[in-house]
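Residue-level structural notes
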Amino acid sequence: KKDFVGLEPGATLVGIQDLRELRPGERLRFSWTRERAGVKQADRIEVDPVCRYEVEYSVSGAALLAALAGAGPPTLVDARPAARYGAGHLPGAVSVPSDASDGRLDEGLPVSLGAQLVVYGEDSRDARAGALLRRLLAAGRTRVAVLERGFRGWSEADLRVALTPAQVSRLVGEGEPWLFVDTRS
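Our subject in this report is the structure included herewith. (Residues numbered from 1 in each chain as written. Predicted model: local features only at pLDDT ≥ 70, side-chain atom pairs only at ≥ 80, totals over all residues. Heavy atoms only, no water.)

1. Examining the overall build of the protein
- In terms of helices and strands, the protein carries five helices and eight strands.
- Buried positions account for 34% of the 185 residues belonging to the protein.
- Residue pairs in contact within the protein that sit at least 24 positions apart in sequence constitute 66% of those at least 6 positions apart.
- Accessible surface, the protein: about 11,200 Å² in total, of which carbon and sulfur atoms supply 54%. (Helix = DSSP H or I, 4+ residues; strand = E, 2+ residues; numbered from the N terminus. Buried < 20%, exposed > 50% of the residue type's maximum accessible area, 1.4 Å probe, protein only. Contact = heavy atoms within 4.5 Å. Areas by Shrake-Rupley, 256 points an atom, 1.4 Å probe, with all protein chains shown as cover.)

Structure below.
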């Protein structure tokens, strides 16, 4: 049986931070107190997170932003497929898709196993970030964390995103007016 579910103002979300993280056909649990026009108004929605990270292996967007501005910023590692990296990524991030062979695991990463790394996927439920985190830890890396809410959370917070030249070319080719400002010093 399928139910139509609406969200009551102030409803609690468990396992997700935003309804846009739900995937088509995903099962969820909800509690509701009233129904309007055949739509159950949920006051709580629960979804099993795809990945759970211990606090020590997790970093918020705000904490990452502060670390990037400090001395000795972490290396950012994009666990998404190369095509997604090419469509936009965190500035300075290294693309290491979670399915990269063990021989490619360290490409572009600092030599020191103690260097701080922050891995991210598409969103907070992208299992690729967790898979890469586990592989990096198993390879001897000691300071690895996953960015909470991933690339989507970063870009939705209107934080800087880098594009490859091919992506810029594609965007400019769509006929929309663009203004490019070179902020390099």
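2. Observations regarding the packing of aromatic side chains
- Taken as a whole and assessed by the stated rule, the structure comprises one aromatic pair.
- Between the aromatic rings of Tyr 120 and Phe 151, the centroid separation amounts to 6.5 Å while the plane-to-plane angle is 25°, which identifies the pairing as stacked. Of the two residues, Tyr 120 is situated in strand β7 (residues 117–120) and Phe 151 in helix α4 (residues 150–156); the sequence distance between them amounts to 31 residues. The pair formed by Tyr 120 and Phe 151 is uniform in burial state, with each residue classed as buried. (Phe/Tyr/Trp six-rings, centres within 6.5 Å; stacked < 30°, edge-to-face > 60°.)

3. Quick word on a nonpolar patch on the surface
- Residues Val 172, Trp 178 and Phe 180 make up a contiguous nonpolar surface patch of roughly 320 Å² in combined accessible area.
- If you trace the backbone, Val 172 turns up in helix α5 (residues 165–172).
- The exposure class of Val 172 is partly exposed, given its relative accessible area of 38%. (Patch = residues over 30% accessible without salt bridge, like charges linked within 9 Å, V, L, I, M, F, W, Y side chains within 5 Å. Salt bridge = Lys/Arg side-chain N within 4 Å of Asp/Glu carboxyl O.)

4. Some words on the pattern of salt bridges
- Within this structure, the stated rule accounts for eight salt bridges.
- It is possible to trace a salt-bridge network through shared partners that takes in Asp 78, Arg 80, Arg 84 and Glu 122.

5. Regarding the side chain of Asp 78
- Structurally, the position occupied by Asp 78 is in strand β5 (residues 75–78).
- On the basis of relative accessibility, which here comes to 0%, the residue Asp 78 falls in the buried class.
- Within the structure, Asp 78 has its side chain in polar contact with the side chain of Tyr 120 (distance 2.9 Å).
- If we ignore the near neighbours within four places in the chain, the residues touching Asp 78 are Tyr 85, His 89, Val 94, Ser 95, Val 96, Pro 97 and Tyr 120. (Polar contact = N/O pair within 3.5 Å; in protein donor to acceptor, adjacent residues only side chain to side chain.)

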